[in-house]
Structures are given as structure tokens and as C-alpha cells.
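Per-entry structural report
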Amino acid sequence: MQPVNISAPAYFHKVVDCQWACPAHTPVPEYIRLIGQGRYSDAYMINWVSNVFPGVLGRTCDRPCEPACRRGRVEENNGETPEPVAICRLKRVAADHKDDVKSRMPTVAPSNGKRIACVGAGPSALTVARDLAPLGYQVTVFDSEAKAGGFIRSQIPRFRLPESVIDEETGYVLDLGVQFVSGHRVESMRGLLDQGYDAVFVGCGAPRGRELDIPGRKEAAANIHIGIDWLASVSFGHITSVAPRVIVLGGGNTAMDCCRSARRLGGSDVKVIVRSGFEEMKASPWEKEDAQHEGIPIVNFHVPKSFDHDNGKLTGMTFEVVRAVYDDKGRRSLVPTGEPDVSFACDTVLLAVGQENAFPWIERDCGIEFDRWGLPVLGKDSFQSTVPNVFFGGDAAFGPKNIITAVAHGHEAAVSIDRFLHAESVTQRPAPLTQLMSQKMGIHEWSYRNDVSNDTRFKVPWADAEKALASIRVEVELGFDAAVAFKEASRCLNCDVQTVFNRDTCIECDACVDICPMDCITFTTNGEEAELRTRLKAPATNATQDLYVSAELKTGRIMVKDEDVCLHCGLCAERCPTGAWDMQKFLLNTTQAGSGCRDKRVAHKEFA
């Protein structure tokens, strides 16, 4: 193997598993350390620069960072499944405990004369506005609703996300001089382009719920509702009750929101019915757990056959029982078990079987090309459409995802817009800025807390069940208090504090090998990666995580470190008699719109 290039931005970034997994690349260990120090406002602002909505995401994020968390791979948990750091809930701690941060928001530069239109006031469009408005762009955001937020406001129930949190965090963006045109539905792309905007960003989401065309759908239509539309009606107060018996069809997070909302609006017999198995459901594990915790059964492997009705009045549904069969390539098919069909009585059905993009307002002859699935043809990283000054992001770009992905799209689209309006290529993405800084304060002392906590993951307190289920607006999760937040923050392994090796001062005494609690350091002869992984002190089985390989040492051996299970405890550096190991904090600043994203970079401060 060749020696690794630790100066490459991606190398140590990939070692910080949580940040690598986050679509917006939020520097997770950095803000968790600040929470542990009680510096909540600092932690909030680090989040705000990356993910724009810390309070919202601290309650609703899909948490791609947590399955990646190293803690879940190395923790000893008495035979139980190890659990990652509660990264998402710590993000909420920063939002709940911060001081007034309005003075820390970026100052707005004088107008540069460029006008940007954003269609939709969801997370991707507001991220574009947040990134471009401080640079002097005149940003106008159009939305058909009275308030900003998009599906954050319309589809996430208030028992998960209070409206005050949405108002606060959308307000930070709009207060940057963004013009918000509420109650205005854009009816024509051509008409919008004719208004002379220098660039248009489309962030209108995937607003159409999928239908289920089976017998009885038309006849019983009065009591069958599209899930996302029903949730919006609940959110805006148009629906305040539901009949006792409710069936929710679908296995995603929308289905979980529908069933839990129905439970609070008077549904006494609410059940979720899905085609797949429980483990294959698209809903986040904690969303399924929360629904079951509230007494909502989930019925698997039932394929809907018909809506049953009596002269148009819905009476129930009939299902075929199936099982999963996999071919030699792992592809799944659902085949009937041969058991009799199953019927469930119900008064209302909520369809949460998927969402689709809908762009009836974009004329098909205006130059924007769409693929066979109805999605715009875009540059993968640039988000630029076939009309050069029109960009897409969020669910409108590549189909339904989640809030943090929409935010990441917004950041990238803002970079593209900024470069486009400076006559620079949108396909070139400037590399992020990185730095390594030693944490050494003495021979055996570090500027970070390197003791590994033995605590298991702490539980988030819930509101009283009777009180929570009695109202659609009572927030269920209460969040960590400061004391528990400190303990949970202490579980973080500080994966951004890297073990940096200097071959020139290494005397190959193997002291680091002896003291490493994870046996992740080996001095051995070189070889091909697959073979080398098998003869390390502890075989490195996770091929997705790189090996740290040094140049050849004086004996002809190399140092190989398995980054996958390192605790970043610093014992190797403390034990080393020559200082060949050092603990250095890795900081990655992703490229955002502004002078730093352009070919001719001009240094100036854009964020307070």
C-alpha cells in the first residue's frame, strides 16, 4: 500500500464518521464539546452555519450521523446492541439552552444588483436565501402559504415540532433582508423568468402524494385521504377530529406522523398496515418505536386489494397476505402465502404510500428538461437545470428525501448560483478548507477531555402519556436538561481529534502497540490492502474505512492503523517516548457561497 496523504481534505473527514455521514457535513464533535462546556450559543451557531435549522433538526432529523457513530461500533454494552451518541438530541440542547443569538447573525453586504427568486419557502430555498442574502443578493422567496417553512410547517405534527421553533428559525433567515411573498403561488416559470431575475431556485418540494388505485377507491373517496394533504389540513387547523377506526397505509415517516396524529384527534382504533416486513419499512427506527409506544399496532406483509364500502360509505379494507422471497441476487419479491384474505373494519383511510414531484406550473417548452420520472435533468453537484439560470434543490431536485438533505442541496445550489453570476463554471466545486491543530498542552496533558465515558446512551424524557395523547400540540419529547446533556456529550469519542504519526521520529519501540486498548496499531511489512488487513494485530474488517499507512520506516516495516475502531483516547501519543504520535484536531469548513467559493478568492469575513 502507498502511504496515505493526510493533507487531502477527505482523509480525516472520513474518519469523523458522523460529519462524513451528514449531508451538510456539520462538525458534530466540535459542537458536542461546546455543549459539554455549557457553551450552548457557540454550539448553536456552529450548527446554524452548517444546517440552518438546529432547533428543527434537533427534533426531526433523520439522523444519518448516528448509525455512522463510532460509539456504536466500540462500546461494550453487556451483550446488548451498542448505541451511538444521541447527536440529534444534543443538537436540540444547543437550541433550547442558547442565549439570544440575533447579534451573531451575519451582517448583510450592500446590494450587488443581482436578483434571485426562490420558489417555495422550505428548507432548501431558505438555505439558498441564508447563503446569498448576506452577500448582497436581493432574494425574493415565494410561497403559497402564509408562513415560511414549507413541509417543515405543513407535514410535521406539532407534537414533534412546536410552531414557535419554526417561526424562530425561519425568522433568522427572513431577517437577513429576504423579501418573503406569502400567499403567492407561482403559476408560470416563463412568467417568473420574464420578470428579469438573474437566477431562479426551485425548492417547492414533492407536493403530490401517491394514489392507490384499487377497487372501491372512487366510491369511498369521501373517507380516503392523501396522507401529506391530511397532515397539512391538521397542521393548519382545518381538521380537528377523526373517526374512531383509522387505517394508515404506508411504512415511511409520513405514515408514522399520520397514525400518531390520528391517535390524538380521537382515533381509538388506529393501525398501520404495510406491504413489507417491519425491518424493511422506510420509517426511521425511532419513529416506529414511538408509534408502538403509543399503542399503535403495525401489521406487516399485507397488500391492499380493495376499499370496502356500503353504497359509498367506507366500511373497511381487504388485504392479501404475502411473504418475502429473495432471489440469488438478493432482490425481493412479495408472493401470496395462500392464506385467506384478511379484512379490517375502518371509518377512515390515510394513504401514505409515497410522494411524487409535480411541476404543472413549469411549461414543458420553456427549456427545462425532465426525465421519464418527471424529475428535472440537473447537474449532479451543481443542481443547474438545462436553463442555465434555473436551479433546483430539496425534494424538487431528486425526489423525496429529508430536511438535512434539502439543506445540503441549498448550500450547493447557492455556491452554483454565486459562481454562475460571477461568470465562473458551476461544475467546479472548490475544495473545503481544512486544518490540523495539535492539542498538546504538556507531555501527558491534552486540551480536550480524552477519557472514554463508560455510560450507555441516556434516554430522553417524555411528557406524560395521558397529557400528550390528549392534544395534537403537546410536545412529546422534552429534551435533555443541562446535567444529562453533559453526560451524553461525554460519550462522544472526539473523532475529530486525530492520531497523527511522524515516521521520522519513530524508533519502532512498539510502545503504542502495547498500550492501544483497541489493538488498532500494527508495525508490519507492506502488502496489498486486502491481504494486509488480515494480518494486523486485530484484523481490519471494515473495508469502507481507510487504513492509516505510513511511509517505510528504518527497519523496512510500515505503521498501519485501523481508523475504524480507534477511540481517539491519545494513549499512543502519551506513551510514545519520542513524540512520533500527536493528537491534532481536524477542522473542515465546507465551501459555501461567497468569495471563498470563487476562483479568485478574496478574503473577508462573511459570518459573525
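Residues numbered from 1 in each chain as written. Predicted model: local features only at pLDDT ≥ 70, side-chain atom pairs only at ≥ 80, totals over all residues. Heavy atoms only, no water.

1. Quick look at the overall build of the chain
Condition: Helix numbers and strand numbers start at the N terminus; a helix is a DSSP run of H or I with at least 4 residues, a strand a run of E with at least 2. C-alpha atoms define the radius of gyration, and 2.2 Å times the number of residues to the power 0.38 defines the globule rule. Exposure categories follow from relative accessible area, calculated using a 1.4 Å probe and restricted to protein chains: below 20% of the type maximum is buried, above 50% is exposed, and the middle band is partly exposed. Here the open area of atoms and residues is found with the Shrake-Rupley method and a 1.4 Å probe, where only the protein chains shown may cover a residue. Think of it this way: Lys and Arg go in the positive column, Asp and Glu in the negative one, and His and the chain ends go nowhere. Note on charges: their place is set at NZ of Lys, CZ of Arg, CG of Asp or CD of Glu.
Counting secondary structure elements, the chain contains 22 helices and 24 strands. Taking 2.2 N^0.38 as the reference for a compact globule, 608 residues should give roughly 25 Å; the C-alpha atoms of the chain span a radius of gyration of 26 Å, in line with that estimate. Along the longest, intermediate and shortest principal axes, the C-alpha atoms of the chain span 85 × 65 × 50 Å. Looking at the chain as a whole, 55% of its 608 residues qualify as buried. If you sum the accessible surface of the chain, you get close to 26,100 Å²; carbon and sulfur atoms cover 50% of it. The chain carries 68 positive and 80 negative side-chain charges, and their two centres are separated by 1 Å.

2. Details of the sheet that holds strand β9 (residues 298-299)
Short version of the rule: The pairing criterion for strands is at least two bridges between them, as found by DSSP. For this analysis, residues touch if any pair of their heavy atoms sits within 4.5 Å. Angles shown run from 0 to 180 degrees and are taken between the N-to-C directions of axes, each axis being a line fitted to C-alpha atoms and, for helices, limited to the stretch in contact.
What the five strands build is an open sheet, ordered β6-β14-β7-β8-β9; its pairing is parallel. Looking at which strands have only one partner, the edges of the open sheet turn out to be β6 (224-226) and β9. In this structure, strand β7 (residues 245-249) lies alongside strand β14 (residues 348-351), joined through four bridges in parallel fashion. Paired with Val-248 across the strands is Leu-350, a residue of β14. Taken strand by strand, helix α13 (residues 227-235) contacts β6 and β14, and its axis lies near 85° from that of β6.

3. Brief notes about the sheet that holds strand β1 (residues 115-119)
Within a sheet, neighbouring strands are paired by backbone hydrogen bonds and run either parallel or antiparallel to one another. Strand order in the open sheet formed by five strands is β3-β2-β1-β4-β16, and the pairing between neighbours is parallel. Only two strands of the sheet have a single neighbouring strand rather than two, namely β3 (179-181) and β16 (390-392). Taking the axes of each pair of neighbouring strands and ignoring which way they run, one obtains an average angle of 20° across the sheet. Bridge count between β1 and strand β2 (residues 138-142): five bridges; the pairing is parallel. In the sheet register, Ala-117 faces β2, and the bridge partner there is Thr-140. On top of the sheet, helix α17 (residues 403-420) reaches β1, β4 (199-202) and β16; it is set at about 165° to β16, its chief contact.

4. Concerning the confidence of the model for the chain
For any part of a model where pLDDT is low, the fine detail of the predicted coordinates should not be relied upon. Short version of the rule: Residue-level confidence of the predictor, termed pLDDT, takes values from 0 up to 100.
Here the chain shows a mean pLDDT of 93. Residues at 70 or above account for 98%. Note that pLDDT drops below 50 for residues 602-608; the model gives that stretch 14 contacts with residues more than four away or on any other chain.

5. Let's talk about the packing of aromatic side chains
The geometry of an aromatic ring pair is captured by two quantities: the separation of the ring centres and the angle between the planes. Put simply, the rule reads: Between the rings of Phe, Tyr and Trp (Trp by its six-membered ring), a pair exists once the centres lie within 6.5 Å; its type follows the angle of the planes, with under 30 degrees stacked, over 60 edge-to-face, and the other angles tilted.
Across all of its chains, the model carries 14 aromatic pairs by this definition. Centre to centre, the rings of Phe-359 and Phe-370 are 5.6 Å apart; their planes meet at 40°, and the pair counts as tilted. Here Phe-359, found in the loop between β15 (355-356) and β16, pairs with Phe-370, found in the loop between β15 and β16; they are 11 residues apart in sequence, far enough to count as distant. A single burial state applies to Phe-359 and to Phe-370, both of which are buried. Their ring planes at 85° and their centres at 5.8 Å tell us that Phe-359 and Phe-392 sit as a pair that is edge-to-face.

6. With respect to α13
For α13, a buried count of seven out of nine residues is recorded, marking the element as mostly surrounded by other parts of the structure. Here α13 has its buried residues at Gly-227, Ile-228, Trp-230, Leu-231, Ala-232, Val-234 and Ser-235. Of the surrounding secondary structure, the elements contacted by the buried residues of α13 are α10 (151-154), β5 (208-209), β6, α14 (253-264), β14 and β15. Positive backbone phi, at 85°, marks Gly-237, one or two positions downstream of α13.

7. So, the nonpolar core
What counts is decided by this rule: Only buried residues count toward a nonpolar core, which is a set of Ala, Val, Leu, Ile, Met, Phe, Trp, Tyr and Cys residues joined through side-chain atoms within 4.5 Å.
One finds Leu-132, Val-139, Phe-392 and Ile-521 to be the most contacted residues of the largest nonpolar core, which totals 126 residues. Of all hydrophobic cores here, the second largest spans 28 residues; its members include Ala-255, Val-272, Val-274 and Leu-350.

8. A short note on the pattern of salt bridges
Going by this rule: Throughout this description, the term salt bridge denotes a Lys or Arg side-chain nitrogen within 4 Å of a carboxyl oxygen of Asp or Glu.
Scanning the model with the defined rule gives 50 salt bridges in all. In this structure, Arg-104 engages Asp-42 in a salt bridge whose closest nitrogen and oxygen atoms are separated by 2.7 Å. With a gap of 62 residues between them, Arg-104 in the loop between α8 (87-97) and β1 and Asp-42 in helix α4 (residues 40-51) connect regions that are remote in the sequence. Taking relative accessible area as the criterion, Asp-42 reaches 23% and is therefore assigned partly exposed. The structure contains a network of salt bridges with shared partners spanning Asp-17, Arg-70, Arg-73 and Asp-564.

9. What to know about α8
The buried fraction of α8 amounts to nine of the 11 residues, a majority that puts the element mostly inside the structure. Within α8, burial applies to Ile-87, Cys-88, Arg-89, Leu-90, Lys-91, Arg-92, Val-93, Ala-94 and Ala-95.

10. A closer look at the packing of helix α9 (residues 123-132) against helix α11 (residues 163-174)
Keep this limit in mind: Roughly parallel means an angle under 35 degrees; roughly antiparallel, over 145; roughly perpendicular, 65 to 115; everything else is oblique. Here the term charged refers only to Asp, Glu, Lys and Arg, the term nonpolar to Ala, Val, Leu, Ile, Met, Phe, Trp, Tyr, Cys and Pro, and the term polar to all other amino acids, Gly among them.
Their axes nearest at 8 Å, the elements α9 and α11 cross at an angle of 40°. Looking at the two axes, α9 sits oblique to α11. Of the residues in α11, those touching α9 at Leu-126, Ala-129 and Arg-130 are Thr-170, Val-173 and Leu-174. The residue inventory of the contact of α9 with α11, partitioned by class, reads four nonpolar, one polar and one charged.

11. Digging into unusual backbone geometry
With a phi close to 55°, Phe-301 is a non-glycine residue in the positive phi region. Along the chain, Phe-301 turns up in the loop between β9 and β10 (302-310). A relative accessible area of 25% places Phe-301 in the partly exposed class. With a phi close to 55°, Asn-311 is a non-glycine residue in the positive phi region. Mapping Asn-311 onto the fold places it in the loop between β10 and β11 (313-326).

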